[in-house]
2 protein chains.
Amino acid sequence: MDIETAKKELLALQRKLAAYGHAIGLIYYDGETTAPKDTAENRAVSLSVLTEEIYRLSTSDETVKLLEFLDKNKDELDKKERRMVFLMLRDIREMQKIPMDEYVAYQELVVRAEDAWHRAKEESDFEMFRPYLEQLFATQKKFAAYAAPEKDPYDYCLNKFEEGVTKEILDEFFGKLKAGIVPLLKKVTAKPQVDDSIRFGKFSDAAQEKFAYFLMKTMGLDLGHVGLSTTEHPFTTSLGSHNDERITTHYHEDDFVSSMYSVIHEGGHALYDTGSAPDLAYTVLDGGTTMGIHESQSRFYENILGRNRAFCKFLFPHLNEFFPGEFDGYTAEDFYRAVNKAQPSLIRTEADELTYALHVMVRYELEKKVFAGEIEVKDLPQQWNALYKEYLGIDVPDDKRGLLQDSHWSSGLIGYFPSYALGSAYGAQFIAKMRETVDVDKCLENGDFAPINDWNREHIWKYGSLFTPAEVLDNALGVPFDAQYFIDYLTEKYTEIYDL
Amino acid sequence: MDIETAKKELLALQRKLAAYGHAIGLIYYDGETTAPKDTAENRAVSLSVLTEEIYRLSTSDETVKLLEFLDKNKDELDKKERRMVFLMLRDIREMQKIPMDEYVAYQELVVRAEDAWHRAKEESDFEMFRPYLEQLFATQKKFAAYAAPEKDPYDYCLNKFEEGVTKEILDEFFGKLKAGIVPLLKKVTAKPQVDDSIRFGKFSDAAQEKFAYFLMKTMGLDLGHVGLSTTEHPFTTSLGSHNDERITTHYHEDDFVSSMYSVIHEGGHALYDTGSAPDLAYTVLDGGTTMGIHESQSRFYENILGRNRAFCKFLFPHLNEFFPGEFDGYTAEDFYRAVNKAQPSLIRTEADELTYALHVMVRYELEKKVFAGEIEVKDLPQQWNALYKEYLGIDVPDDKRGLLQDSHWSSGLIGYFPSYALGSAYGAQFIAKMRETVDVDKCLENGDFAPINDWNREHIWKYGSLFTPAEVLDNALGVPFDAQYFIDYLTEKYTEIYDL
């Protein structure tokens, strides 16, 4: 084999994998947005076939030979090609350690588990979901042991979402957050609560949808390449390449703020994905590098920008265009304060910036304990409720608003949650750096996201998965990650709002 | 190879093909319903990869050997297995004659052509679509010559949609229809026109959607397995198997009747598909046998049932539930007459039962002439308009309402249109037979579709693709197909409505 042919084959192989990814991603997306309710069986059957095809393609002698040849000749590869070969070989070597039938069975399990989760959540009945969740945890543990027997199995899971992260690192990280957040929250709750009545009223789905498109346009999304659908639990996905991106939301008729921030959050993911350099399309480098960095972008747009006072000021007059008459007697400042009301609550996705990390910690602790064998899956509801009491001081009334609230576990995304807290913290450090060269508040007050997006594109987005999270942070910041930025950001913000 | 193993492999192979079909069908469906507008490129890339995979799988030595082995031992196969082997071998032998790169390039062409058609239709600019349509016709001709050099190429295209049909048969069929319909239409147009003002008003998308679901439930569709979406040009598709069926519609704010009948039409397709016996799922026998029989069901529900007086009587009081106040002063009889107003018009899908076949004839004549080399693609707009003048006596104001109105050609469905007219005629013969044992009018007056659906299920649906169209007709009717039933049906219906 000569090197030029091998490089061409490397691109052709990734194009093939991208097409399978498109098909599989679309089947999931369809299941979560459009599919009639009793059709999960069909999706399970088709996904098992397509997953088997991917497994065969990825682990075939031809593929492995190609990648090993390129790996051996890595001096003749550019940085992008080296990273492609590294990522693919890493994943394939892990895949090869998992027996194909188990690998395929797992994909089927996920479809059935998602279906069971939807039904269980509707009925607020954990028992309907329990057998699936047990299998999901058991399979993840088994796969971790196959793929990386030298590693702690939960560390292995964490690494799938944030390269380089371990329990040790997270324990320290969350310890620091807790030490910063808990006393701050205590001070906040001792103060008179802000009035958030502005967010409640009657907001039709149609009006909220129009508002959602306005937000998408304002934040700089290209609507020719980014679509919006509705779903139970909002998420974002790329289909085939970053040129086809889908975000999703969920409308609450009595509260427009919920969908508003889910749109901005998912829009942040979409900006990151669609910001990949054009030549990354149809390669494994396309889209964001890890979930931690991904969440740093989504939560950056949702909170640091979306819950910024200047942005609320920009947005307020527009609210009346979409929901006429709903905000009579309120001011932009009322709006800003309402969307920054901090209080212990039940639902993670609806939580304010201050308490959010506590919701994540609950999930992290529980995953860690299940992996360590300290608790069993059947104990999760009771343990969940106990931790909500301990960390947030509140009683969980039912599983629907308890551990059935998130879709992640049903999709097999165990180890994902810490990415949200890491992302929030990365974001606080990014904004500090960005403010050195961009007048962020002025941009937001004008609804002009271009300078902000340009900074993110230049420092983060355009590289896709070329860099590890540590490299991304280093590129953008020039100094190592420091959680103190996040604590300072929260302290400053809530001290001002609550006059602490 | 032993026969039992081979039979199992036959099922596994079909399951694989069904999964690829699911992926490809969903990518198309997504493109027509949900995808952002500038994402056709991604779909083209992914479809070309997936089509190549299907081509490789279908024409592999392993597959061909398996099917030939089963074909040689067909005495040991049951009827279903024999039909599976026959259909698959037939398609694969044709596929093998088409070079893979041309086969794959064609699938990409279709995606781009669909995209170009949407844009061309929006601008009413045939030139934007012309280069694609030229390539589509040229490729179809070339493929026909590859696959069946012994056949007339247009006959080959026709056969893809209605097994056993030729130009000769259709010339006779359409000649008969023309002889029956044209004089009848003349008599109708000489009479005072019926008042169809009842259909016009203001009907929100949301209300029309609710009404659509009511219609779907009424006609006996299982909403757990049949979904509804919106699109430019309504169509129906199965995803993976008949257990996941999607219909689509298009809402016009000023006229609720348009979407209503598209829902019933597509619902008829969905009833047929979802009526396949459960064990046909994930096999090539799943779903309807040919487009002619398929259209016999869709047009049966749309027209013979949907535009029946008893059904209009049942429906009328319900209309007020969905569109309150819109029908004050009207009667069920007004509704019946309005939806049966017969007059030459521009748009096929909106045409009444009487003139509908004339719209089809225009398309049939044009396809035939392009294939015969008598006209070129660039002449189509002018030829289209001339035939509308000749057959329907009307002037076509623009290409949007002329030859850009249908999506079929852009999807490569050349030879499809005659199925609509054949289906309409089959349906007239089915209803005559059904009335021997089912009190159709009483069922419709009660909104009770069960006895009607049972008849169709027992005689047609449950067999999927087990039989040829001729066999389906013979099974259900016991006598050969006779177009006279359709002419008699139309004559009786319109004589009564227009008091001829």
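Residues numbered from 1 in each chain as written. Chains lettered and ligands numbered in written order. Predicted model: local features only at pLDDT ≥ 70, side-chain atom pairs only at ≥ 80, totals over all residues. Heavy atoms only, no water.

## Quick word on the interface of chain B and chain A
Next up, step 1: Facing 38 residues of chain B, the contacting portion of chain A comprises 38 residues.
Next up, step 2: Around 3,000 Å² of area is buried between chain B and chain A when both sides are counted, 58% of it from carbon and sulfur atoms.
Next up, step 3: Counting across the chain B and chain A interface gives 4 salt bridges.
Next up, step 4: Among the salt bridges present, the one from Glu-53 of chain A reaches Lys-16 of chain B, with a minimum N-O distance of 3.4 Å.
Next up, step 5: Applying the counting rule to chain B against chain A returns 19 residue pairs in polar contact (both at pLDDT 80 or more).
Next up, step 6: Going through the elements one at a time, helix H1 (3–33), helix H2 (40–59), strand S1 (226–230) and strand S3 (241–249) of chain B are the ones with two or more residues in the side of chain B that touches chain A. (Contact = heavy atoms within 4.5 Å. Buried area = accessible area lost by both parts, 1.4 Å probe. Salt bridge = Lys/Arg side-chain N within 4 Å of Asp/Glu carboxyl O. Polar contact = N/O pair within 3.5 Å; in protein donor to acceptor, adjacent residues only side chain to side chain. Helix = DSSP H or I, 4+ residues; strand = E, 2+ residues; numbered from the N terminus.)

## What about the pairing of strand S1 (residues 226–230) of chain A?
Walk down a regular strand and you will see the side chains alternate between the two sheet faces.
All names here are of chain A.
Next up, step 1: Most of S1 is tucked away: 4 of the 5 residues are buried.
Next up, step 2: In terms of strand pairing, S1 meets strand S3 (residues 241–249) through 5 bridges, oriented parallel. Residue pairing in the sheet places Thr-230 in a bridge with Thr-249 of S3. (Buried < 20%, exposed > 50% of the residue type's maximum accessible area, 1.4 Å probe, protein only. Pairing = 2+ DSSP bridges.)

## Quick look at the sheet that holds S1 of chain B
Residues and elements named next belong to chain B.
Next up, step 1: Reading across the sheet, the 3 strands line up as S1-S3-S2 and stay open at both edges, with mixed pairing between neighbours. At either end of the open sheet lies a strand with only one pairing partner, and these are S1 and strand S2 (236–239). For this sheet the average axis-to-axis angle between neighbouring strands, irrespective of direction, equals 30°.
Next up, step 2: Where S2 meets S3, 4 bridges bridge the pair, whose relative direction is antiparallel. Considered in S3, the bridge of Thr-237 is made with Arg-246. (Axes fitted to C-alpha atoms, helices over the stretch in contact; angles between N-to-C directions.)

## Thoughts on the packing of helix H7 (residues 153–161) of chain B against helix H14 (residues 353–372) of chain B
All names here are of chain B.
Next up, step 1: Two numbers describe how H7 lies on H14: the axes approach to 9 Å, and their chain directions differ by 140°. The angle between H7 and H14 falls in the class oblique. For the pair H7 and H14, contact is made by Pro-153, Tyr-154 and Cys-157 and by Tyr-364, Glu-367, Lys-368 and Phe-371, respectively.
Next up, step 2: Residues of the contact of H7 with H14, tallied by class, amount to 5 nonpolar, no polar and 2 charged. (Parallel < 35°, antiparallel > 145°, perpendicular 65-115°, else oblique. Nonpolar A, V, L, I, M, F, W, Y, C, P; charged D, E, K, R; others polar.)

## Comments concerning the relation of the copies chain B and chain A
Next up, step 1: Expressed as a screw operation, the relation of chain B to chain A combines 0.0 Å of axial shift with a rotation of 180°, fitting to an RMSD of 0.0 Å. On this basis, the relationship between the two copies can be described by a two-fold rotation axis. For chain B, the minimum C-alpha distance to the rotation axis belongs to Ala-23 of chain B and amounts to 2.6 Å.
Next up, step 2: Looking at the interface residues of chain B, 100% of them are also at the interface in chain A, so both copies use one shared face. (Least-squares fit on C-alpha atoms with pLDDT ≥ 70 in both.)

## Observations concerning the side chain of Glu-295 of chain A
Residue and element names in this part refer to chain A.
Next up, step 1: Structurally, Glu-295 is set in helix H11 (residues 291–305).
Next up, step 2: Of the buried charged residues, Glu-295 lacks a salt bridge, with Arg-299 as the closest side chain of opposite charge at 5.8 Å.
Next up, step 3: A polar contact is formed between the side chain of Glu-295 and the side chain of Ser-298, at a distance of 2.8 Å.
Next up, step 4: Excluding anything up to four places from it in sequence, Glu-295 contacts His-265, His-269, Phe-300, Tyr-416, Ser-419, Tyr-420 and Gly-423. (Lys, Arg positive; Asp, Glu negative; His and termini not counted.)

## Points about helix H2 (residues 40–59) of chain A
Next up, step 1: Taking 1.5 Å per residue, 20 residues should reach 28 Å; H2 of chain A reaches 28 Å between its end C-alpha atoms and fits that length.
Next up, step 2: Here H2 of chain A lies mainly inside the structure; 17 of its 20 residues are buried. (Expected span 1.5 Å × (residues − 1).)

## Quick look at unusual backbone geometry
Next up, step 1: Phi angles above zero are rare outside glycine, and Asp-499 of chain A is one such case at about 50°.
Next up, step 2: Within the secondary structure layout, Asp-499 of chain A lies in the segment after helix H20 (484–498).
Next up, step 3: The exposure class assigned to Asp-499 of chain A is exposed, which follows from its relative accessible area of 57%.
Next up, step 4: The backbone phi angle of Ser-124 of chain B is positive, close to 50°, even though this residue is not glycine.
Next up, step 5: Considering the arrangement of structural elements, one finds Ser-124 of chain B in the loop between helix H5 (100–123) and helix H6 (126–147).
Next up, step 6: Under the relative-accessibility criterion, Ser-124 of chain B is labelled partly exposed at 24%.

## Some details on a negative patch on the surface
Next up, step 1: On the surface, a cluster of negative charge is made up of Asp-2, Glu-4, Asp-75 and Glu-76 of chain A.
Next up, step 2: Tracing the sequence through the fold places Glu-4 of chain A in helix H1 (residues 3–33). (Patch = residues over 30% accessible without salt bridge, like charges linked within 9 Å, V, L, I, M, F, W, Y side chains within 5 Å. Areas by Shrake-Rupley, 256 points an atom, 1.4 Å probe, with all protein chains shown as cover. Charge placed at Lys NZ, Arg CZ, Asp CG, Glu CD.)

## A word on the packing of aromatic side chains
Both the distance between ring centres and the angle between the ring planes are used here to describe each pair of aromatic rings.
Next up, step 1: Counting across every chain of the model gives 84 aromatic pairs over all chains.
Next up, step 2: Here the aromatic rings of Phe-316 of chain A and Phe-335 of chain A are separated by 6.5 Å at their centres, their planes lie at 40°, and the arrangement is tilted. Residue Phe-316 of chain A is found in helix H12 (residues 309–322), and its partner Phe-335 of chain A is found in helix H13 (residues 332–338); the two are separated by 19 residues along the sequence.
Next up, step 3: Judged by its relative accessible area of 1%, Phe-335 of chain A is buried.
Next up, step 4: Summarising the aromatic geometry, the rings of Tyr-301 of chain B and Trp-461 of chain B are spaced 6.3 Å apart at their centres and angled 35° between planes, so their arrangement reads as tilted. (Phe/Tyr/Trp six-rings, centres within 6.5 Å; stacked < 30°, edge-to-face > 60°.)

## What to know about the sheet that holds strand S2 (residues 236–239) of chain A
All names here are of chain A.
Next up, step 1: Strand order in this open sheet of 3 strands is S1-S3-S2, and the pairing throughout is mixed. What marks the edges here is a single partner per strand, and that holds for S1 and S2. On average, each strand axis in the sheet is tilted by 30° relative to the strand beside it, whichever way the strands run.

## Comments concerning the packing of helix H16 (residues 418–434) of chain A against H20 of chain A
Residue and element names in this part refer to chain A.
Next up, step 1: The contact between H16 and H20 brings their axes to 7 Å, and the two run at 80°. What the angle tells us is that H16 and H20 run roughly perpendicular. Residues Ser-424, Ala-425, Ala-428, Gln-429 and Ala-432 of H16 touch H20, and the partners they reach there are Tyr-485, Phe-486 and Tyr-489.
Next up, step 2: Of the residues in the contact of H16 with H20, the class split is 6 nonpolar, 2 polar and no charged.

## Here's the deal with the pattern of salt bridges
Next up, step 1: What the rule picks out here adds up to 85 salt bridges over all chains.
Next up, step 2: The residue Asp-279 of chain B makes a salt bridge to Lys-80 of chain B at a minimum N-O spacing of 2.7 Å. Remark: Lys-80 of chain B occurs in helix H4 (residues 79–97) and Asp-279 of chain B occurs in the loop between helix H10 (256–274) and helix H11 (291–305); sequence separation between them is 199 residues.
Next up, step 3: Exposure remark for Asp-279 of chain B: the relative accessible area of 48% places this residue in the partly exposed category.
Next up, step 4: Put simply, Asp-255 of chain B and Arg-199 of chain B hold a salt bridge, and the shortest N to O gap is 2.9 Å. With a gap of 56 residues between them, Asp-255 of chain B in the loop between S3 and H10 and Arg-199 of chain B in the loop between helix H8 (167–190) and helix H9 (205–218) connect regions that are remote in the sequence. Note on accessibility: Asp-255 of chain B and Arg-199 of chain B belong to one class, buried.
Next up, step 5: Residues joined in a network through salt bridges with shared partners are Lys-37, Asp-38, Asp-115 and Arg-119 of chain A.

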